[in-house]
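# Overview (structure and organization)
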Amino acid sequence: MEQARKMEKSQWRGICCFLSLESLFFFLFFFSDRYGQTLLLPSTVWKFFVIAGAFCYVALEFSSTNQDDPLFRRRFLLVPAMLFTLISDVFLLVLEDHYTLGVCTFFAAQIFHALQIRRSKKQAVISFSLRFGATFVALAVLGPLKLFLQLYVATAFYAPQLIGNLIEHLFGAFRTVEPEEKRRSILLSIGFVLFLACDVCVGLSSVGVAGVGYWIWIFYAPSQVLIAVSGGRFAQGKRRIDQSVN
């Protein structure tokens, strides 16, 4: 029992350390973007550190998870989801090139996020049928408008997955009775709302709307932190800790 308590305390210290580092990175890039002053490193580097830190946290948490843990599958799927997100930011943030590839890897990340959702086989078939149905509708609209470009096609696959994940987690937050799963669904719902808000800002910025580009990372950075902590001890809360110790 004492060993279990020490392990729990160690995990919470790890969470506090992770959130503190992510908050520091957020402050550094926010200050740089807001006031146009570089703090030690360019703003782009601090932004990338936020996403890289989220991936490292998820990978480390999975590495300490036993196969018989109920969260093993969720944490296992969260690792490639965050890895593809990190790869996307290599294209879009660091290289500022290969935008279609960046959206494609975001699409892959959303697929892994979708696979984490607890649902029956019938519900999974319905969910993915609706998602890809929306994609085909979008492609059918792009054709006559002569907008059948690679980036738009990739977006037509990516956007329904993001929106589908958001909707299913919102339903989960209201439908789920189990406290732990409810907390997880709430964290993910907020994370995907911020993720969607980020993408809306990206879209508005790309068509020339002024002032929205500044908000992209204000929404995006915390969305990835919330998604990262949703699969572990932070979402489990004190109730599970007490049960695991007793």
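What you see is a predicted model, and the numbers here were worked out from it, not measured in a lab. (Residues numbered from 1 in each chain as written. Predicted model: local features only at pLDDT ≥ 70, side-chain atom pairs only at ≥ 80, totals over all residues. Heavy atoms only, no water.)

### With respect to the nonpolar core
- With 41 residues, the main nonpolar core has Phe195 and Trp217 as its most contacted residues.
- In terms of residues, this core owes the most to one element, helix α8 (residues 216–229), which gives nine residues. (Core = buried A, V, L, I, M, F, W, Y, C linked by side-chain atoms within 4.5 Å. Buried < 20%, exposed > 50% of the residue type's maximum accessible area, 1.4 Å probe, protein only. Helix = DSSP H or I, 4+ residues; strand = E, 2+ residues; numbered from the N terminus.)

### Focus: unusual backbone geometry
- In the Ramachandran plot, Leu40 falls in the positive-phi region, its phi being about 65° despite a non-glycine side chain.
- The exposure class of Leu40 is exposed, given its relative accessible area of 81%.

### What to know about the side chain of Ser189
- With respect to the secondary-structure elements, Ser189 resides in helix α7 (residues 179–206).
- Take Ser189: its relative accessible area is 5%, and that puts it in the buried class.
- Polar contacts involving the side chain of Ser189 include one to the main-chain carbonyl oxygen of Ser185, which spans 2.7 Å.
- Among residues more than four places away in sequence, those in contact with Ser189 are Leu166, His169, Leu170 and Ala173. (Polar contact = N/O pair within 3.5 Å; in protein donor to acceptor, adjacent residues only side chain to side chain. Contact = heavy atoms within 4.5 Å.)

Don't take any of this as a statement about function, it's just geometry.
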